[in-house]
Every structure is written in structure tokens, then in C-alpha cells.
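What follows is each chain in one-letter form.
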Amino acid sequence: MKFNRKTTIGILVLFLAAILSACGETAGNDTGSSSGSKATVSISGSTSVGPLAEKLAEKFKDKNEKINIEVNQIGSSAGITNATSGVSEIGMSSRDLKEEEKANGLKETIIAYDGIVVVTHPSNKVKDLTLEQVKQIFTGEVTNWSQLGGEDMEIVVVSREDGSGSRDAFQEIVGYSSGELIRNAIIASGNGNIKTTVATNKHAVGFISFEYIDDSISTLQIDGVEATAENVLQQKYSLSRPFLFVHKEENLTDAGLQFIDYILSSDGQTIVSEAGAIPVK
Amino acid sequence: MLEKLSGRVFLFCALLSVISLLLIVGFVFYKGSHPFVAEGYSFLDFIFGMDWVPSEDKFGIFPMIVASLFATMGALILGVPVGLFTAIFLAEIAPKRVAKIISPAVQLLAGIPSVLYGVFGLAIIVPFLQNNLGLVKGQSLLAVILVLAIMMLPTIVTVAETAIRAVPKMYREGSLALGASPIGTIFKVVVPAAKSGIMAAIVLGLGRAIGETMAVILVAGNSLILPTSLTDSVRPLTTNIALEMGYAFGTHQEMLFATGIVLFSFILLLNFVLAKIGSKGGK
């Protein structure tokens, strides 16, 4: 079979064009981030910090048109790994750094505080738990709502997946380990997923970030303290944690530094509180 | 010269898929075998271990293997009869006008992105199980089975229908001429003649079910228990990988790749069975 000469040339040209354009793109990006007209700050990490970082980035970009900020929500551990390896300029974490992570020379900046709230179905009569009771629920010692002053029905525990920053922080404060978590707990990926699961199941109990609170779920008091930003700042409410930006000194660009400064400015901190998180100052 | 060059280009394109396969398999096996080869973990403990607690260095996937097998088998028990009868109906019984409506509908079902099946399961099947069967949680093995059974229908129906249509007309004529009823003809003559094609349809459906991830993750509940009843929430192999890969690093990540090896072995086994069926069918 003979090929039409024109077709063959056409295909080859297309092929070359595709390869060349692919090369061109990467080359373009390189120059873009170092000296070009638009600098890009890549940020990745926690799905709890992510929504806040997106909002901050949006406002920041309105003011600084020459800086582009990319936020990827991939989880605290992955974000910290990326910041360590230089894949991302800044990593987001919703839990404190572990010893081995600090050893890699990461610098941390607290950009906000967040509260974690225990949530149930709105119809649930239990509205107040002690930290000890929360622990008993999540470790399977208490399995019926009647043991906590509620209706006689089974408790369905909903947790995040192993490695999630929210889960790490929650377990650390409440005081149980991943191995102690009740085995038949439903594992949902992400705050939104937990909220949906709890909102549609009257047996369920879970934990989410303050930012995700809405009318579809009922929030519980811990040791009689309401889950509010004020109570977190006054250190009355125990289920709280820092939101961190982590970076390596040598990877931080001017643009990245500007963004961090902006977040810590009064403008930035206003956005933090508007987003449902708790300002540092 | 041009002739030769273009030949090369086409060869390169053809090799791309082979190269991709080798790269993927190589990468998964390289990453997944590392904990067992270099870090002293026991592969048997991995396969038969009951506990999966990555943060405490416990990696056992036996409950997940069982969950994958149960979910797939359950989906087969529901999906195969329905799919097969649909195929028979379309190929043998349905008037042309009816088949013209059902056939595209089944094929369209195959084109729906799997995450939408998951959303459908989460929004319809899970609450249905909760409200009507009195389960404390709808996220369960049963929900997974129902979703997978629907998902494998198009695969089974299209492949089986083709196999049934390929049975020569004279088989049917012969059977009918001998006085067999039309239904008798279908089950005693046509279906046995299309046996290898139907088996292939089932194995392909099986492959679809065991590898499905996105739909399952939303309705499975992802609990780490050994399933003992249809109402338990389960974590099949695929969802374990998808659920934790985003957060995993180090040994935990490698163990997820190892989970991928186990999954891959199941798929390989299926393909092997499929190839056997194909050669036995003697087309």
C-alpha cells in the first residue's frame, strides 16, 4: 500500500508541531516564574486550609495583577512533602509539623486558627459532650446514643482518612490513636463528605472544620463550651488547631513572601475571619 | 525515505501503548515491592493481615480483598441474569422498534462517567437503604453491589448480545423445525451455542466491577472491617488506594502501590481466564 505523499507530509508536520509546542510550553513556564511578566506562587496542601487560601489568593490577585497564585488541595501531609521537595513553594498544613518534618528545614507561619467541631444530625437531642465522651464514641466504648442522654439508637461514627490533617489534629486533642478508632467507622474523604454523610443519617456523628458549619448539621458543645471563634481565641474551646503555611527559605520567592505578608496584614486577617476561620491577631 | 520515516512514526505510535503498559506495571511493581524487598515487611502479613493502620505501621489488606471479592460476586449474582436476559430479549425476542429504544439506552448507560453512578448511589440508593430497610447506615456492601450491578450491565448486555446474534440462523430453524418451542430453542440451543461469548461478557463485566473506584468510594463507607453481612460498610482494594493516596507518603504510599499489585493480579487472572475462553470458543 502506498501513502499519498501529501498526507504523509501532513501527518509528520502535525507531529512535529505537537512536539515543538509541547517543548515551547514548558520553556515558557520556566521563564514566567523567574523573571517574566507574571510570577506564579504554587501552594498545595490541606483541604481545610485550602478554601481559606483560595479566598485570600483571590483578593490578593485583585491587588497584585502581576502575581498568580495556584492553590492545590491535596492534604496536609502531601503539602508538607511538596514544600520539602520544592514541588510547591508553600505547603499548607492543618496540623503541627512532626519532628521528622521539622528536621527538613521547613519554616512555619501560623496564618490563622481553626476550630474543629463535633457534628450530628439536626434531629439528635444530644447537644453537649465532654472530651472524654467524644473519645469513648470514637474508640467504640460508647455505641448507643442513649448512653449519652439521647434516643435509644446506634451511633454511627464518621471519620476522615488516615493521613488527613483534620483527623490527626482531632485525634491528638481528643486523645486516641488511629489504631483505637472504632473499626466500623465510615471513612469519608474531605470535610464536605463528612458533612453530607452526617446530614443524611440521624445515627451519625463526625467532626468538621469551623468553615464548613451550616444549617444541615447540628454542632455540639464540648465540656459546655460553644464552638465559636471567640471561645477558641480565649482558649476556652479545646478542639482547635493552627493553620500553617510552611516553606523552605531557599524556595520562597518575592511573590510568595508578599502573599504571606498580605495574609498577616489587617486586610488579610479580616478575610480570614470572614471565611469562618480565626484570625491570628 | 519518506516512506521509511512514516513507517517509523506509525511504529512509534503503536509502541506507545506497549511502552505505557510496561512503564505502569514496572512502576507499580517497583514501588509496591519495595517494602517487602528492602524494608523487611512480610508479604503474607500484608495479604492476610486484618489491621490497616498506616500511622501505626500496620498494613494488612485481608478485609479489603474479601470486600472486593464479595462486592464483585454480589454484583455478578444480580447483574449477570439481568444482563443476559436483556441480551436475549434484544437479540431474539424484542420487536425491532422496541430494540431500537432499549439498545441505545443500554449503550448510553456505558457512557455515563462512573463518579455519576457514585453520586446516584449516594443520593438515591444509600438513603433508600437507610429509610426503607432500617439500616443504621446506607453505606454498605449492599449499596456497592447494587451500584456495580448496574454499572456492569452495559458490558454484559452488549457483548452477550453480539455473541447471541452471531449464532447461525440454521441452529434456530433446525430446533424450531424439530418442534421445540421458541423459549426452549433460546435456552437449549442458542445460549449454549453462544456460550463462549457469554462467558467473555461475564468476565469483562467482572473486570469492570473489580476495578471500579469512584462510584464505590462514595457508597462503600470505607470501613476497615472484615465484611460479615450485606449491611456492613466495606473498603474494597480500589477505594483504599484512591482514598489514601493523596495523603500518603513513605512506606504508607508504597503499601498502597502494593495494594495496586494485588488488584493488578486479579485483573491479570481475569484476562488470562478471558484468553482461555476465547481460544476454547474456537471462532
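Residues numbered from 1 in each chain as written. Chains lettered and ligands numbered in written order. Predicted model: local features only at pLDDT ≥ 70, side-chain atom pairs only at ≥ 80, totals over all residues.

**Considerations on the overall build of chain B**
Line of reasoning, step 1. For chain B, the helix and strand inventory stands at 12 helices and two strands.
Line of reasoning, step 2. Scanning chain B from its N terminus toward the C terminus, one meets helices and strands in the order α-α-β-β-α-α-α-α-α-α-α-α-α-α.
Line of reasoning, step 3. Over its C-alpha atoms, taken along the principal directions, chain B stretches across nearly 70 × 70 × 30 Å.
Line of reasoning, step 4. Taken across its 283 residues, chain B has 39% of its residues classed as buried.
Line of reasoning, step 5. Long-range pairs, those at least 24 residues apart, make up 72% of the contacts in chain B between residues at least 6 apart in sequence. (Helix = DSSP H or I, 4+ residues; strand = E, 2+ residues; numbered from the N terminus. Buried ≥ 20, exposed ≤ 12 C-beta atoms within 10 Å, placed from the backbone. Contact = placed C-beta atoms within 7 Å.)

**Some thoughts on the overall build of chain A**
Line of reasoning, step 1. Each helix and strand counted, chain A has 10 helices and 11 strands in total.
Line of reasoning, step 2. Evaluated residue by residue, chain A yields a buried proportion of 44% over its 281 residues.
Line of reasoning, step 3. Of the contacts made within chain A by residues no fewer than 6 positions apart, 72% connect residues no fewer than 24 positions apart.

**Some details on helix α3 (residues 76–85) of chain A**
Residue and element names in this part refer to chain A.
Line of reasoning, step 1. Burial of α3 is extensive: nine of the 10 residues sit out of reach of the surface.
Line of reasoning, step 2. Among the residues of α3, Ser76, Ser77, Ala78, Gly79, Ile80, Thr81, Asn82, Ala83 and Thr84 are the ones counted as buried.
Line of reasoning, step 3. A positive phi of about 85 degrees marks Gly86, the residue just after α3.

**Concerning the confidence of the model for chain A**
Residue and element names in this part refer to chain A.
Line of reasoning, step 1. Averaged over chain A, the pLDDT score is 85; the fraction of residues at 70 or greater is 87%.
Line of reasoning, step 2. Helix α5 (residues 131–138) holds the highest mean pLDDT among the elements of chain A, 95, whereas helix α1 (residues 5–34) holds the lowest, 51.
Line of reasoning, step 3. Low confidence marks residues 23–35, where pLDDT is under 50. Its contacts with residues over four positions away, or in another chain, come to five contacts. (pLDDT = per-residue confidence, 0-100.)

**Some words on helix α6 (residues 165–174) of chain A**
Line of reasoning, step 1. Where burial is concerned, most of α6 of chain A is hidden: eight out of the 10 residues are buried.
Line of reasoning, step 2. Of the residues one or two after α6 of chain A, Gly175 of chain A is the one with positive phi, at around 95 degrees.

**A look at the domain arrangement of chain A**
Residues and elements named next belong to chain A.
Line of reasoning, step 1. Along its sequence, chain A is organised into domain 1 (41–114 + 242–275) and domain 2 (115–240).
Line of reasoning, step 2. If you look at the interface, domain 1 gives 15 residues, while domain 2 gives 15 residues.
Line of reasoning, step 3. Sorting the residues of the side of domain 1 that touches domain 2 by element identifies α2 (50–63), α3 and β4 (107–120) as the ones contributing at least two each.
Line of reasoning, step 4. Per-class residue counts for the side of domain 1 that touches domain 2 are four nonpolar, nine polar and two charged. (Domains from an automatic or database assignment. Nonpolar A, V, L, I, M, F, W, Y, C, P; charged D, E, K, R; others polar.)

**As for the interface of chain B and chain A**
Line of reasoning, step 1. Taken residue by residue, the interface counts 26 residues in chain B and 29 residues in chain A.
Line of reasoning, step 2. Considering each element in turn, the side of chain B that touches chain A owes the most residues, four residues, to helix α1 (residues 2–38) of chain B.
Line of reasoning, step 3. When grouped by side-chain class, the residues that make up the side of chain B that touches chain A number 12 nonpolar, nine polar and five charged.

**Side note on the confidence of the model for chain B**
Line of reasoning, step 1. In the predicted model, chain B carries a mean pLDDT of 90, and 98% of its residues have values of at least 70.
Line of reasoning, step 2. The ipTM, which scores confidence in the relative placement of chains, is 0.79 for this predicted complex, and the corresponding pTM is 0.77.

**A word on the pairing of β4 of chain A**
Residue and element names in this part refer to chain A.
Line of reasoning, step 1. Pairing geometry for β4 and strand β11 (residues 240–247), over eight bridges, is antiparallel. Each residue of the ladder has a partner; that of Ile110, found in β11, is Leu244.
Line of reasoning, step 2. Taken together, the five bridges between β4 and strand β8 (residues 204–209) define a ladder with antiparallel strand orientation. Counted as the bridge partner of Val119 is Gly206 from β8.
Line of reasoning, step 3. Here two bridges tie β4 to strand β9 (residues 218–219), and the two strands are oriented antiparallel to one another. Bridge pairing links Val119 to Thr219 in β9. (Pairing = 2+ DSSP bridges.)

**Quick look at the packing of α2 of chain A against helix α10 (residues 266–274) of chain A**
Residue and element names in this part refer to chain A.
Line of reasoning, step 1. The interhelical angle for the contact between α2 and α10, taken along N-to-C directions, is 140 degrees, at an axis separation of 10 Å. As far as their axial angle goes, α10 and α2 are oblique. In the packing of α2 onto α10, the handedness of the crossing is right-handed. Contact residues: Leu52, Lys55, Leu56 and Lys59 in α2; Gly268, Ile271 and Val272 in α10.
Line of reasoning, step 2. Taken together, the residues of the contact of α2 with α10 break down into four nonpolar, one polar and two charged. (Axes fitted to C-alpha atoms, helices over the stretch in contact; angles between N-to-C directions. Parallel < 35°, antiparallel > 145°, perpendicular 65-115°, else oblique. Left-handed = near helix turned anticlockwise from the far one by under 90°.)

**Some points on the nonpolar core**
Line of reasoning, step 1. Among the nonpolar cores identified, the biggest contains 137 residues, and Val158 of chain A together with Val144, Val147, Leu148 and Val219 of chain B are the most heavily contacted of them.
Line of reasoning, step 2. Considering every element that reaches this core, the biggest residue donor is helix α6 (residues 141–165) of chain B, with 19 residues.
Line of reasoning, step 3. Each of domain 1 (41–114 + 242–275) and domain 2 (115–240) of chain A contributes no fewer than three residues to this core.
Line of reasoning, step 4. Apart from the residues lying within four places of it in its own chain, the contact partners of Val219 of chain B are Gly118, Gly121, Leu122, Ile125, Val126, Gln139, Ala143, Val144 and Val147 of chain B. (Core = buried A, V, L, I, M, F, W, Y, C linked by C-beta atoms within 7 Å.)

**Focus on the environment of Phe266 of chain B**
Line of reasoning, step 1. Assignment of secondary structure puts Phe266 of chain B in helix α12 (residues 251–281).
Line of reasoning, step 2. Placed 22 residues apart in sequence, Phe266 of chain B and Glu244 of chain B show a C-alpha to C-alpha distance of 21 Å.

**A few points about unusual backbone geometry**
Line of reasoning, step 1. In the Ramachandran plot, Gln235 of chain A falls in the positive-phi region, its phi being about 60 degrees despite a non-glycine side chain.
Line of reasoning, step 2. You can see Gln235 of chain A is positioned in the loop between α8 (229–233) and β11.
Line of reasoning, step 3. Exposure remark for Gln235 of chain A: the 8 C-beta atoms within 10 Å place this residue in the exposed category.
Line of reasoning, step 4. Not every positive phi belongs to a glycine, and Asn222 of chain B is a case in point at roughly 60 degrees.
Line of reasoning, step 5. Residue position: Asn222 of chain B is located in the loop between α10 (214–219) and α11 (237–245).

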